[in-house]
Amino acid sequence: GFNESKRQLFLTANAVRPIDRDIYRYDFKTSRVHHLTDDQKGMLTAKLSSSGNLLITQLTSTSIPRNVKIIDSKGRFVKQLISSDNPLNGFKLGEVKIGTIKADDDSTDIFYRLTLPYNFDASRQYPVIIYAYNGPHVQLVTNSWYSRTELWQQYMATKGYIGFTLDGRGSANRGLKFENGI
């Protein structure tokens with residue numbers, strides 16, 4: 001969104017971690033970027049009001065199904081609209097973990113997601129289903145509700161399978177050089 005009178009641009013970007021989206025304000029008058037949502041981690045989206053002074057933000061993360069609130073143009077809390085409870089509470093679902101491994105250059109973090117079976121026992125061996133599509137234009141691992149784990153992966157976890165997903169080179173939202181790596 002753009003506040004024409006104040007010459008401010010509001011945008012989302014993954015400048016801190018590729019699995020998160022944050023909200024920023026760019027001031028054309030001062031050429032400064034302001035991080036408006038550094039207190040929240042996850043996938044954020046925003047819609048700017050017609051006045052350009054308020055934003056409706058929606059957050060989802062691995063632990064938050066949906067949180068919708070209003071903030072002002074400086075990132076200050078105004079009003080809570082929705083704070084969703086876990087709709088899958090009570091189901092025996094596997095634990096979802098996000099982590100990183102180093103690429104062959106020993107400096108690039110490659111993000112992965114593990115979906116572990118319910119009552120996972122680290123001393124046991126489990127079959128693994130690898131779910132991968134490394135681009136272009138796709139990102140499978142995000143800090144969002146169940147980390148974009150599809151329910152079929154949760155179903156397979158109830159059957160004793162580990163789900164493994166890797167956003168390798170070629171995945172989206174890491175820059176053109178990373179996406180063109182394949």
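> Tell me about the pattern of salt bridges, and name the residues and values.
One pass over the full model with this rule turns up six salt bridges. Note that D20 is salt-bridged to R17, the shortest N-O span being 2.7 Å. For R17, a relative accessible area of 33% gives the class partly exposed. Between D27 and R25 there is a salt bridge, with the nearest N and O atoms lying 3.3 Å from each other. Here the two residues D27 and R25 agree in accessibility, since each one is buried. Connected via shared salt-bridge partners are D104, D105 and R169.

> I'd like a description of the sheet that holds strand β1 (residues 2-3), backed by residues and values.
Strand-to-strand pairing in sheets goes through backbone hydrogen bonds, with the strands running parallel or antiparallel. Spatially, four strands are ordered β1-β2-β3-β4 in an open sheet, and the strand pairing comes out antiparallel. The open sheet has two edge strands with one neighbour each: β1 and β4 (32-35). Bridge count for strand β2 (residues 8-13) against strand β3 (residues 22-27) is six bridges, and the pairing is antiparallel. What sits directly across from L11, in β3, is Y24.

> I'd like a description of a positive patch on the surface, backed by residues and values.
On the surface, a cluster of positive charge is made up of K6, R7, K29 and K74. Among the structural elements, R7 can be located in the loop between β1 and β2. With relative accessibility at 39%, the residue R7 sits in the partly exposed group.

Rules behind the numbers
- Residues numbered from 1 in each chain as written.
- Predicted model: local features only at pLDDT ≥ 70, side-chain atom pairs only at ≥ 80, totals over all residues.
- Heavy atoms only, no water.
- Salt bridge = Lys/Arg side-chain N within 4 Å of Asp/Glu carboxyl O.
- Buried < 20%, exposed > 50% of the residue type's maximum accessible area, 1.4 Å probe, protein only.
- Pairing = 2+ DSSP bridges.
- Helix = DSSP H or I, 4+ residues; strand = E, 2+ residues; numbered from the N terminus.
- Patch = residues over 30% accessible without salt bridge, like charges linked within 9 Å, V, L, I, M, F, W, Y side chains within 5 Å.
- Areas by Shrake-Rupley, 256 points an atom, 1.4 Å probe, with all protein chains shown as cover.
- Lys, Arg positive; Asp, Glu negative; His and termini not counted.
- Charge placed at Lys NZ, Arg CZ, Asp CG, Glu CD.

Shape is all these values report; function is a separate question.
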